[in-house]
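Structural overview for review
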Amino acid sequence: GIQVEQSPPDLILQEGANSTLRCNFSDSVNNLQWFHQNPWGQLINLFYIPSGTKQNGRLSATTVATERYSLLYISSSQTTDSGVYFCAVEPRDTDKLIFGTGTRLQVFP
Amino acid sequence: NAGVTQTPKFQVLKTGQSMTLQCAQDMNHEYMSWYRQDPGMGLRLIHYSVGAGITDQGEVPNGYNVSRSTTEDFPLRLLSAAPSQTSVYFCASSYSAPGPNYGYTFGSGTRLTVV
């Protein structure tokens, strides 16, 4: 099956810093989404981005489908950005959204 | 409030007991799915449904059954609970085709402990 690897596994930042999270996947995909799981366990969809670039406030994401990776950028990080960030992909010819291993982000004041 | 509602939020079962985790959505989403999340890990797909009357297996289907008799509801049944099924279970829904505001919506989860 498809492999979805995220890096780094852990990231510790001071408030105000910028960061880049990476998602590599091993096969062609129809669908790629980024999620944030907050410290209380709630999962929030950040982006649907099978290709191209999108921005939403301090967050932006870029997917280069031909090279099988996606990047999530967080600028001017805040303590509320803490949690785990997941990338999830849907391989072509399936209806299954497969999650990566996650990046745990801690932002300190 | 529009969204995905999961019940119960917490449950303790004894080994061998059966139970049903409920999931309901009011967004008229065609697609629904169940995931489990073990401590410190990502989410693994158990079962999914692309519409009423249609279900299929995900990555870890053993020990679980599902049905989809209506668009709104997608219950997950544990047939004979085992300690290995101790986990947090999430239900999700989405439109079947990308469009404006496309993306999965998750419920708040059910924390299940099997003793």
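In what follows, the structure referred to is the one given above.
First things first, this report covers the structure right here in the doc. (Residues numbered from 1 in each chain as written. Chains lettered and ligands numbered in written order. Predicted model: local features only at pLDDT ≥ 70, side-chain atom pairs only at ≥ 80, totals over all residues. Heavy atoms only, no water.)

Focus: the overall build of chain A
- Across its full length, chain A holds 0 helices and 11 strands.
- The order of α-helices and β-strands along chain A, N terminus first, is β-β-β-β-β-β-β-β-β-β-β.
- Computed over C-alpha atoms, the radius of gyration of chain A comes to 13 Å, within 12% of the 13 Å expected from 2.2 N^0.38 for 109 residues, which places it in the range of a compact globule.
- Reported as C-alpha extents along the three principal axes, the dimensions of chain A are approximately 45 × 25 × 20 Å.
- Split into buried and exposed, the 109 residues of chain A put 49% on the buried side. (Helix = DSSP H or I, 4+ residues; strand = E, 2+ residues; numbered from the N terminus. Rg over C-alpha atoms; globule rule 2.2 N^0.38 Å. Buried < 20%, exposed > 50% of the residue type's maximum accessible area, 1.4 Å probe, protein only.)

Quick notes on the packing of aromatic side chains
- Inspection of the entire model under this criterion finds 12 aromatic pairs over all chains.
- Between Phe 90 of chain B and Phe 106 of chain B the ring centres are 6.3 Å apart and the planes differ by 85°, which places this aromatic pair in the edge-to-face class. Highlighted residues: Phe 90 of chain B in strand S9 (residues 87-94) and Phe 106 of chain B in strand S10 (residues 105-106), separated in sequence by 16 residues. One exposure class covers both Phe 90 of chain B and Phe 106 of chain B, and it is buried.
- These aromatic residues form a ring-pair network of at least three members: Phe 35, Phe 86 and Phe 99 of chain A together with Tyr 31, Tyr 35, Tyr 48, Phe 90, Tyr 104 and Phe 106 of chain B. (Phe/Tyr/Trp six-rings, centres within 6.5 Å; stacked < 30°, edge-to-face > 60°.)

Overview of the interface of chain B and chain A
- With 20 residues of chain B in contact, the opposing surface of chain A contributes 16 residues.
- Carbon and sulfur atoms supply 58% of the area that chain B and chain A bury against each other, a total of about 1,500 Å² over both sides.
- For chain B, the biggest contributors to the area lost against chain A are Tyr 102, Tyr 104 and Phe 106 of chain B; these three give 33% of the whole.
- Joining chain B to chain A, the criterion identifies 0 salt bridges. (Contact = heavy atoms within 4.5 Å. Buried area = accessible area lost by both parts, 1.4 Å probe. Salt bridge = Lys/Arg side-chain N within 4 Å of Asp/Glu carboxyl O.)

Concerning the sheet that holds strand S8 (residues 69-74) of chain A
All names here are of chain A.
- Strand order in the open sheet made by the 5 strands is S1-S3-S8-S7-S6, with antiparallel pairing throughout. The open sheet terminates on both sides in strands that have one partner only, identified here as strand S1 (4-7) and strand S6 (52-56). Across the sheet, the axes of successive neighbouring strands diverge by a mean angle of 15°, strand direction being ignored.
- Taken together, the 6 bridges between strand S3 (residues 19-25) and S8 define a ladder with antiparallel strand orientation. Following the sheet pairing, Thr 20 is matched in S8 by Tyr 73. (Pairing = 2+ DSSP bridges. Axes fitted to C-alpha atoms, helices over the stretch in contact; angles between N-to-C directions.)

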